[in-house]
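Tertiary structure, described
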Amino acid sequence: NAGVMQNPRHLVRRRGQEARLRCSPMKGHSHVYWYRQLPEEGLKFMVYLQKENIIDESGMPKERFSAEFPKEGPSILRIQQVVRGDSAAYFCASSPSGGSTEAFFGQGTRLTVV
Amino acid sequence: GQQLNQSPQSMFIQEGEDVSMNCTSSSIFNTWLWYKQDPGEGPVLLIALYKAGELTSNGRLTAQFGTTRKDSFLNISASIPSDVGIYFCAGPIYGGSQGNLIFGKGTKLSVKP
């Protein structure tokens, strides 16, 4: 049973481009969470999705950021018109039910904006 | 807003030493989680605590849920080189969904030169 798969592991984008980060949850998991981690910091919650629904997006910036978790396929975190301050590690976690204490994290995508 | 304060920020260990770290908050938490993160990897859940006063072990790791519900402690006994990494405490944010965890800034464990 593969763990949470995130790709790409590393992503470089120029300012103004779009970044698309993908997350395939563990088999049988229908709850996905996205977190952002700046250097030397802890993880910061961004959004919680269940298949086709956004449950909690209280940590998402109001502009340029969006997330989806379609019925088929991976969850996508999209950042439009990236800026240098978006450079960070983005982690996805998944759980079989709505309790994040059972959540397993992926290896993350390290986004660098140049 | 809610914050989790971890101390120490960093520490150096010598193989065989016992290690202690803690996590405090001005707010009450109903769940405390301890994670370890290796360089370039995602966090891995070590121990989850659900009741005030609870003491839970996972191998050489022992964590306690403080009786005030505002703190938690993690101890590592007889440390080994692979214990090196960053240890985070986390808990569900008050009033948020179960998926909304707040993390401390971490305690970085390194090997004494």
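Before going into details, it helps to say that this report is about the structure given with it. (Residues numbered from 1 in each chain as written. Chains lettered and ligands numbered in written order. Predicted model: local features only at pLDDT ≥ 70, side-chain atom pairs only at ≥ 80, totals over all residues. Heavy atoms only, no water.)

What to know about the overall build of chain A
The helix and strand inventory of chain A stands at 0 helices and 11 strands. Element order for chain A, N to C, with α for helix and β for strand: β-β-β-β-β-β-β-β-β-β-β. Radius of gyration (C-alpha) of chain A: 13 Å, near the 13 Å computed for a compact globule of 114 residues. Here chain A, with 114 residues, has 46% of them falling under the buried criterion. Taking as baseline every contact in chain A between residues at least 6 positions apart, the subset at least 24 positions apart corresponds to 53%. (Helix = DSSP H or I, 4+ residues; strand = E, 2+ residues; numbered from the N terminus. Rg over C-alpha atoms; globule rule 2.2 N^0.38 Å. Buried < 20%, exposed > 50% of the residue type's maximum accessible area, 1.4 Å probe, protein only. Contact = heavy atoms within 4.5 Å.)

Brief notes about the interface of chain B and chain A
Across the contact, 20 residues belong to chain B and 21 residues belong to chain A. In total, about 1600 Å² of surface goes out of reach between chain B and chain A, with carbon and sulfur atoms giving 49% of it. At the boundary of chain B with chain A, the tally comes to 1 salt bridge. Lysine 105 of chain B is paired through a salt bridge with glutamate 41 of chain A; the nearest N and O atoms lie 3.8 Å apart. On the surface where chain B and chain A come into contact, there are 6 residue pairs in polar contact (both at pLDDT 80 or more). Those elements that place two or more of their residues in the side of chain B that touches chain A are β4 (32–37) and β10 (101–103) of chain B. Among the elements that line the side of chain B that touches chain A, the one with the most residues is β4 of chain B, at 3 residues. Of the residues that constitute the side of chain B that touches chain A, the class distribution is 8 nonpolar, 10 polar and 2 charged. (Buried area = accessible area lost by both parts, 1.4 Å probe. Salt bridge = Lys/Arg side-chain N within 4 Å of Asp/Glu carboxyl O. Polar contact = N/O pair within 3.5 Å; in protein donor to acceptor, adjacent residues only side chain to side chain. Nonpolar A, V, L, I, M, F, W, Y, C, P; charged D, E, K, R; others polar.)

Some points on the side chain of glutamine 6 of chain A
Residues and elements named next belong to chain A. By secondary structure assignment, the location of glutamine 6 is in strand β1 (residues 5–7). Reaching out from glutamine 6, the side chain makes a polar contact with the backbone oxygen of tyrosine 90 at a distance of 3.0 Å. At 3.0 Å, the side chain of glutamine 6 and the backbone nitrogen of cysteine 92 are in polar contact. Setting aside chain neighbours within four positions, we find glutamine 6 in contact with Arg22, Cys23, Trp34, Tyr90, Phe91, Cys92, Gly106, Gln107, Gly108 and Thr109.

As for the nonpolar core
Core analysis: the biggest nonpolar cluster contains 23 residues, and Trp34, Met46, Leu77 and Tyr90 of chain A have the highest contact counts within it. For this core, the secondary structure elements donating two or more residues are β3 (19–24), β4 (31–37), β5 (43–50), β7 (65–68), β8 (75–79), β9 (88–95) and β11 (109–113) of chain A. Not counting the four nearest positions on each side in its chain, leucine 77 of chain A is found in contact with Ala19, Arg20, Leu21, Trp34, Met46, Met60, Ser66, Ala67 and Tyr90 of chain A. Of all hydrophobic cores here, the second largest spans 21 residues; its members include Ile13, Met21, Phe29 and Ile47 of chain B. (Core = buried A, V, L, I, M, F, W, Y, C linked by side-chain atoms within 4.5 Å.)

Considering the packing of aromatic side chains
Per the stated rule, a full pass over the model turns up 10 aromatic pairs over all chains. Ring centres of phenylalanine 105 of chain A and tyrosine 35 of chain B lie 5.6 Å apart, and the angle between their planes is 90°; on these two criteria the pair is classed as edge-to-face. In this pair, phenylalanine 105 of chain A is assigned in strand β10 (residues 104–105) and tyrosine 35 of chain B in strand β4, connecting two distinct chains. Since its relative accessible area comes to 12%, phenylalanine 105 of chain A is described here as buried. On the basis of an interplanar angle of 80° and a centroid distance of 6.2 Å, the ring pair of phenylalanine 88 of chain B and phenylalanine 103 of chain B is categorised as edge-to-face. Here the residue phenylalanine 88 of chain B occupies a position in strand β9 (residues 85–92), and phenylalanine 103 of chain B occupies one in strand β10, the gap between them amounting to 15 residues. Looking at phenylalanine 88 of chain B, the relative accessible area reads 1%, which means it is buried. Chaining the aromatic ring pairs together yields one cluster made of Tyr35, Phe45 and Phe105 of chain A together with Tyr35, Phe88 and Phe103 of chain B. (Phe/Tyr/Trp six-rings, centres within 6.5 Å; stacked < 30°, edge-to-face > 60°.)

Digging into the pairing of strand β5 (residues 44–49) of chain B
Residue and element names in this part refer to chain B. Pairing analysis gives 5 bridges linking β4 to β5, with the strands arranged antiparallel. Each bridged residue has a counterpart across the sheet, and for tyrosine 35 the counterpart in β5 is leucine 45. Hairpin connection, β4 to β5: the antiparallel pair is bridged by 6 residues, and glycine 40 has positive phi, about 75°. (Pairing = 2+ DSSP bridges.)

Description of the layout of surface pockets
Taken as a whole, the largest pocket spans an internal volume of roughly 880 Å³. If you go around the largest pocket, you meet 40 residues; those closest to its centre are Gln37, Glu40, Glu41 and Gly42 of chain A together with Lys105 of chain B. At the level of elements, β5, β9 and β11 of chain A together with β1 (5–7), β9, β10 and β11 (107–111) of chain B are the ones that each hand at least two residues to the lining of the largest pocket. Of the residues belonging to the lining of the largest pocket, the class tally is 16 nonpolar, 16 polar and 8 charged. (1 Å grid on protein atoms, 1.4 Å probe; cavity = no way out; pocket = protein on both sides within 12 Å on 5 of 7 lines; lining within 4 Å. Points joined across faces, edges and corners; volume = space filled by probe spheres on them.)

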